[in-house]
Amino acid sequence: MAAIYQAAYRRAALFCRSHSTYVRKMRYLSKLKEDDSLCRQAQTSGTFYLFHNLSPFLQKVGKKYLIPQLSAAEMKRILEKFKETEQWIEKSVLIGCSDERVPHFALDLGALERSVIEAELKGSFTDLRKAFFVVDEKDSSLLASAQALLRWHDSHQYCSKTGQPTQKNVAGSKRVCHASGITYYPQMSPVVIILVSDGSRCLLARQPSFPQGMYTALSGFCDVGEAVEEAARREVAEEVGLEVESLWYSASQHWPFPSSCLMIACHALVRAQQLKISMNSLELEEARWFGLEEIMEGLKREPKSAKQNNGSFLPWFPPKQAIAHQLISEWVKQQTSQPAQVQ
Ligand SMILES: NC(=O)c1ccc[n+]([C@@H]2O[C@H](COP(=O)([O-])OP(=O)(O)OC[C@H]3O[C@@H](n4cnc5c(N)ncnc54)[C@H](O)[C@@H]3O)[C@@H](O)[C@H]2O)c1
Ligand SMILES: [Mg+2]
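Just so it is clear, the model here is predicted, and its values are computed rather than measured.

1. Some words on the coordination of the magnesium ion (ligand 2)
Part 1 of the reasoning: Within the protein, the magnesium ion (ligand 2) binds to S219 (O) and E239 (OE); these donor distances fall in the range 2.1 to 2.2 Å. Here S219, found in strand β13 (residues 218–221), pairs with E239, found in helix α8 (residues 228–240); they are 20 residues apart in sequence, far enough to count as distant.
Part 2 of the reasoning: Judged by its relative accessible area of 24%, S219 is partly exposed.
Part 3 of the reasoning: The exposure class of E239 is buried, given its relative accessible area of 3%.

So this is what it looks like as structure tokens:
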């Protein structure tokens, strides 16, 4: 028997030595998603991020907004205050773990009195549209994915085939309808976002719902069955009537507004012969070309300082948390690093 344990110990030690922290974390998380009893046990030593009707809990410390993590013991104390049982913990969803493999969960306490929790924990549940932009950048993506997962569970409580209740696994990585045997997995909608350039200018647009003065790159949901390249070409054609000549991928981002999108960001070059924009006014309010100087000015401008004395607005662009910002910054870099053309 001892020999079996020694062999297992040696295997575990070898595993630990031969894998990076990242690999060990990912393997651990994947195990928690598959093994309900392991995950239930992890809930007793994990930390919890709180939400209330999908608004994350924030604490303001000086000028900074922090997202506190509650220990399992603190969670227990809060729930006891409401005379709620620890069964509540089972409603939580796994959202990651630390390098030391302390698991992190998110839990929505929407059914409990908001003001009581806020007073008890000295903070406030803040709409994600504000929270996302005031917390540290690494925390904003954590909040976005936690909210997306909680939102998905909230809206998938019944099987769309049988109408019967679905049950979540402990980690919250899926829901099952036991009547039909169907397993549902959390979903994101793929969206292409394209920064169109003619080589020396780039094209930005406004939708009527945007804050005044804000322009961003073109975007659109992928149709079913469409490749990213096809979706990008179609959206540019639909929204501004231009044909994409070449397209290259930049990066991607999970975007929580209005609900879980996977933003796939690309740069596109359009044919120099046909630069006349024919805007689709059902979707856009304005679409126009911007030169390098105007883009550089706009990147420096704060939304608050965009309003002019005559009531009009100078252009400003999405903040760095949005992948549109990255596309625009990359375009500037590309323009400024190009060697000057010999006349
Ligand atoms: N992070 C960023 O930098 C950034 C920048 C621009 C847009 N976005 C996001 O991209 C998304 C799509 O942009 P858009 O408005 O230009 O899309 P769009 O041009 O496809 O137009 C939206 C319309 O598409 C239809 N639609 C088709 N599939 C849909 C689906 N799965 N979900 C919702 N509507 C669907 C609806 O009729 C909707 O009104 C928005 O959620 C927006 O917040 C993010
Ligand atoms: Mg669009």
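2. Observations regarding the side chain of T166
Part 1 of the reasoning: Residue placement: T166 occurs in the loop between α7 (137–154) and β8 (167–168).
Part 2 of the reasoning: One polar contact links T166 to R175, side chain to side chain, over a distance of 2.8 Å.
Part 3 of the reasoning: Residue contacts for T166: discarding those within four places in its chain leaves H156, Q157, Y158, C159, R175, V176, C177 and Y184.

3. With respect to the domain arrangement of the protein chain
Part 1 of the reasoning: Along its sequence, the protein chain is carved into domain 1 (2–154) and domain 2 (189–337).
Part 2 of the reasoning: Its C-alpha centre places domain 1 at a distance of 35 Å from the equivalent point of domain 2.
Part 3 of the reasoning: If you look at the interface, domain 1 gives eleven residues, while domain 2 gives ten residues.
Part 4 of the reasoning: Overall, the association of domain 1 and domain 2 removes approximately 920 Å² of surface from exposure, summing both partners, and the carbon and sulfur fraction of that is 70%.
Part 5 of the reasoning: At the junction of domain 1 and domain 2, the tally comes to zero residue pairs in polar contact (both at pLDDT 80 or more).
Part 6 of the reasoning: Listed by contribution, the elements that provide at least two residues to the side of domain 1 that touches domain 2 are α6 (128–134) and α7.

4. Points about the packing of helix α2 (residues 21–34) against helix α3 (residues 36–43)
Part 1 of the reasoning: In contact at an axis separation of 5 Å, α2 and α3 are set at 110 degrees when each is read in the N-to-C sense. Relative to α3, α2 is oriented roughly perpendicular. Contacts between α2 and α3 pair Y28, K31, L32 and E34 from the former with D36, L38, C39 and A42 from the latter.
Part 2 of the reasoning: A breakdown of the residues in the contact of α2 with α3 according to their chemical character gives five nonpolar, no polar and three charged.

5. Remarks on the packing of helix α9 (residues 292–300) against helix α10 (residues 323–337)
Part 1 of the reasoning: The N-to-C vectors of α9 and α10 enclose an angle of 135 degrees; their axes lie 11 Å apart at closest approach. In this view, α9 runs oblique relative to α10, as classed from their interaxial angle. Seen from above, α9 lies across α10 with left-handed handedness. Counting all contacts with α9, which are made through L292, I295, M296 and L299, the residues of α10 involved are H325, I328, S329, W331, V332, Q335 and T336.
Part 2 of the reasoning: Classifying every residue of the contact of α9 with α10 gives seven nonpolar, four polar and no charged.

6. Here we look at the pattern of salt bridges
Part 1 of the reasoning: For the coordinates displayed, the defined rule picks out 17 salt bridges.
Part 2 of the reasoning: Among the ionic pairs, R77 bridges to E120, the shortest N-O distance being 2.6 Å. Within this pair, whereas R77 is found in helix α4 (residues 72–81), its partner E120 is found in helix α5 (residues 114–121), the two being separated by 43 residues in sequence.
Part 3 of the reasoning: Where E118 meets R114, a salt bridge forms, and the shortest distance between an N and an O atom there is 3.3 Å.

7. Considerations on the site of ligand 1
Part 1 of the reasoning: Contacts to ligand 1 come from 19 residues, most closely from S219, F221, E239, F257 and A324.
Part 2 of the reasoning: Measuring from an oxygen atom of ligand 1, one finds a side-chain N or O atom of E239 at 2.8 Å.
Part 3 of the reasoning: Measuring from an oxygen atom of ligand 1, one finds a side-chain N or O atom of W255 at 3.1 Å.
Part 4 of the reasoning: For ligand 1, the accessible surface in isolation is 840 Å², of which the surrounding protein chains cover 61%.

8. Here we look at the nonpolar core
Part 1 of the reasoning: Formed by 41 residues in total, the largest nonpolar core has its most connected members in I95, L143, I193, L195, L204 and I295.
Part 2 of the reasoning: Of the domains in this structure, domain 1 (2–154) and domain 2 (189–337) are the two that each give at least three residues to this core.
Part 3 of the reasoning: For L195, the residues in contact, after removing those within four places along its chain, are C202, L203, L204, A217, C266, H267, A268, L327, I328 and W331.
Part 4 of the reasoning: One finds L29, C39, A42 and L94 within the second-largest nonpolar core, a separate group that totals 26 residues.

9. Focus on unusual backbone geometry
Part 1 of the reasoning: In this structure, the amide linkage connecting F257 to the following residue, P258, adopts the cis form with an omega of -10 degrees.
Part 2 of the reasoning: Within the fold, P258 resides in the loop between β14 (244–255) and β15 (261–270).
Part 3 of the reasoning: Of note, K83 is a non-glycine position whose phi angle comes to about 55 degrees, a positive value.
Part 4 of the reasoning: Counting through the fold element by element, K83 comes out in the loop between α4 and β5 (93–97).
Part 5 of the reasoning: The exposed category is assigned to K83, whose relative accessible area is 74%.
Part 6 of the reasoning: Although it is not a glycine, K122 sits at a positive phi angle of roughly 55 degrees.
Part 7 of the reasoning: Counting through the fold element by element, K122 comes out in the loop between α5 and β7 (124–125).

What counts as what
Residues numbered from 1 in each chain as written. Chains lettered and ligands numbered in written order. Predicted model: local features only at pLDDT ≥ 70, side-chain atom pairs only at ≥ 80, totals over all residues. Heavy atoms only, no water. Donors = N, O, S within 2.8 Å, 3.2 Å for Na, K, Ca; no water. Helix = DSSP H or I, 4+ residues; strand = E, 2+ residues; numbered from the N terminus. Buried < 20%, exposed > 50% of the residue type's maximum accessible area, 1.4 Å probe, protein only. Polar contact = N/O pair within 3.5 Å; in protein donor to acceptor, adjacent residues only side chain to side chain. Contact = heavy atoms within 4.5 Å. Domains from an automatic or database assignment. Buried area = accessible area lost by both parts, 1.4 Å probe. Axes fitted to C-alpha atoms, helices over the stretch in contact; angles between N-to-C directions. Parallel < 35°, antiparallel > 145°, perpendicular 65-115°, else oblique. Nonpolar A, V, L, I, M, F, W, Y, C, P; charged D, E, K, R; others polar. Left-handed = near helix turned anticlockwise from the far one by under 90°. Salt bridge = Lys/Arg side-chain N within 4 Å of Asp/Glu carboxyl O. Near = heavy atom within 4 Å. Areas by Shrake-Rupley, 256 points an atom, 1.4 Å probe, with all protein chains shown as cover. Core = buried A, V, L, I, M, F, W, Y, C linked by side-chain atoms within 4.5 Å.

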